[in-house]
Amino acid sequence: MRIDRIEEFLLTTETKKAISALLHTCFPGYPAHQTYYKYPPNFRYLAWEGQTLIGHMGVVSRLISYEGDLLPIFGIMDLCVSPAYQHQKLGSHLLRELETLGKKSGIDFILLVAKEGELYLNNGFQSEDNLCKWLLLTGNRALGLVKRQLPDLMVKPLQLKPWPGGTIDLMGPLF
């Protein structure tokens, strides 16, 4: 097995097709022939068995704001593993790869939104329910800012900073 980290703008047509097929397999109802749900990640981790894509994790790198303080974060989107390769700790391995990169790069937190959080809880994430503000996107259009609780928010601190308990400005779309 091989794991690649690749920037979004470097994806080949063949790799995009493989990503789209895996996302569609793992997430029923995922938009056909797309490699992202509403907004593309900055980079991805791709796990390959030979020429077959078996794992995927999209990552957004950006700043968020808490009471005017800027916090560098990685946001995870569309972490998935091909059904034939599930329950082999591949998802955990992808998360560790991102954590290592984040610690080396001075990233304060890894964030994601997940209805099923067992994988993340088992990998040191904590469930949070901050009031958050973000840019609502739908149909390739921005509809405006939304401010509401995010009860499915999962957070993993990477540095010594504690996660803030107040309102978080995600300064962009959800990931």
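For the structure itself, consult the block above.
Residues numbered from 1 in each chain as written. Predicted model: local features only at pLDDT ≥ 70, side-chain atom pairs only at ≥ 80, totals over all residues. Heavy atoms only, no water.

Visitor: Mind showing me how you'd approach helix α1 (residues 13–26) here?
Guide: Owing to its 3.6 residues per turn, the α-helix brings residues three or four apart onto one side. Taking 1.5 Å per residue, 14 residues should reach 20 Å; α1 reaches 20 Å between its end C-alpha atoms and fits that length. Regarding α1, the residues found buried are Thr-15, Ile-19, Ser-20, Leu-22, Leu-23 and Cys-26. On an axial view of α1, the arc spanned by its buried residues comes to 165°, and they lie on one face. Residues of α1 that are exposed and angled more than 90 degrees away from the buried face: Thr-13, Glu-14 and Lys-17. (Helix = DSSP H or I, 4+ residues; strand = E, 2+ residues; numbered from the N terminus. Expected span 1.5 Å × (residues − 1). Buried < 20%, exposed > 50% of the residue type's maximum accessible area, 1.4 Å probe, protein only. Arc of directions from axis to C-beta.)

Visitor: What is the right way to read the packing of aromatic side chains from this model?
Guide: In this description, an aromatic ring pair is defined by two values, namely the gap between the centres and the angle between the planes. Applying the stated criterion across every chain yields a total of six aromatic pairs. An aromatic cluster is built from Phe-27, Tyr-30 and Tyr-37, whose rings are joined through pairwise contacts. (Phe/Tyr/Trp six-rings, centres within 6.5 Å; stacked < 30°, edge-to-face > 60°.)

Visitor: Got a minute to help me understand the side chain of Ser-20 in this structure?
Guide: Relative to the assigned elements, Ser-20 resides in helix α1. Of the polar contacts made by the side chain of Ser-20, one reaches the backbone oxygen of Gln-34; its length is 3.3 Å. Each residue touching Ser-20, except ones within four places of it in the same chain, is listed here: His-33, Gln-34 and Thr-35. (Polar contact = N/O pair within 3.5 Å; in protein donor to acceptor, adjacent residues only side chain to side chain. Contact = heavy atoms within 4.5 Å.)

Visitor: Teacher, can you tell me more about the nonpolar core here?
Guide: Proteins that are soluble and globular tend to have nonpolar side chains buried together. Formed by 23 residues in total, the largest nonpolar core has its most connected members in Tyr-45, Met-57, Phe-74, Ile-76, Leu-98, Tyr-120 and Phe-125. Those elements that place two or more of their residues in this core are β2 (43–49), β3 (52–66), β4 (69–81), α2 (90–105) and β5 (109–113). Of the residues forming this core, the biggest block, five residues, is contributed by α2. In this structure Ile-76 touches Met-57, Gly-58, Leu-95, Leu-98, Ile-110, Leu-111, Leu-112, Phe-125 and Phe-175, once residues within four positions along its chain are discounted. (Core = buried A, V, L, I, M, F, W, Y, C linked by side-chain atoms within 4.5 Å.)

Visitor: Teacher, can you tell me more about a nonpolar patch on the surface here?
Guide: A contiguous nonpolar surface patch, about 270 Å² in accessible area, is contributed by Leu-63, Leu-70 and Met-171. When you line up the elements, Leu-70 lands in strand β4. Looking at Leu-70, the relative accessible area reads 47%, which means it is partly exposed. (Patch = residues over 30% accessible without salt bridge, like charges linked within 9 Å, V, L, I, M, F, W, Y side chains within 5 Å. Areas by Shrake-Rupley, 256 points an atom, 1.4 Å probe, with all protein chains shown as cover. Salt bridge = Lys/Arg side-chain N within 4 Å of Asp/Glu carboxyl O.)

Visitor: How do you make sense of the pairing of β4 when you look at a structure like this?
Guide: Looking along a regular strand, one sees side chains alternate from face to face of the sheet. Within β4, ten of the 13 residues are buried, leaving the element largely enclosed by the surrounding structure. The pairing of β3 with β4 spans eleven bridges and is classified as antiparallel. Within β4, the position partnered with Ser-65 by the bridge is Leu-70. If you look at the hairpin formed by β3 and β4, you'll find two residues sitting between the two strands, and Glu-67 has a positive phi there, around 50°. (Pairing = 2+ DSSP bridges.)

Visitor: Just checking my understanding: could you explain the pairing of β3 for this structure?
Guide: β3 sits mainly inside the fold: eleven of its 15 residues count as buried. Of the strand pairs in this sheet, β2 and β3 are connected by seven bridges, and their pairing is antiparallel. Among the inter-strand pairings, Tyr-45 is bridged to a residue of β3, identified as Met-57. Taken together, β2 and the strand that follows it, β3, pair antiparallel across an intervening segment of two residues, in which Gly-50 is found at a positive phi of about 65°.

Visitor: Which parts of the structure should I look at to understand the pattern of salt bridges?
Guide: Where side chains of opposite charge bring their charged atoms close, a pairing between them can arise. As enumerated under the stated definition, the model contains seven salt bridges in all. With its nearest N and O atoms 3.0 Å apart, the salt bridge here joins Asp-4 to Arg-2. For Asp-4, a relative accessible area of 26% corresponds to the partly exposed category. For the salt bridge of Glu-99 with Lys-156, the shortest nitrogen-to-oxygen distance reads 2.6 Å. Note that Glu-99 is positioned in helix α2 and Lys-156 in strand β9 (residues 153–157), a separation of 57 residues in sequence. For the pair formed by Glu-99 and Lys-156, the shared burial category is buried. Here the salt bridges do not stand alone but share partners, grouping Glu-99, Lys-103 and Lys-156 into one network.

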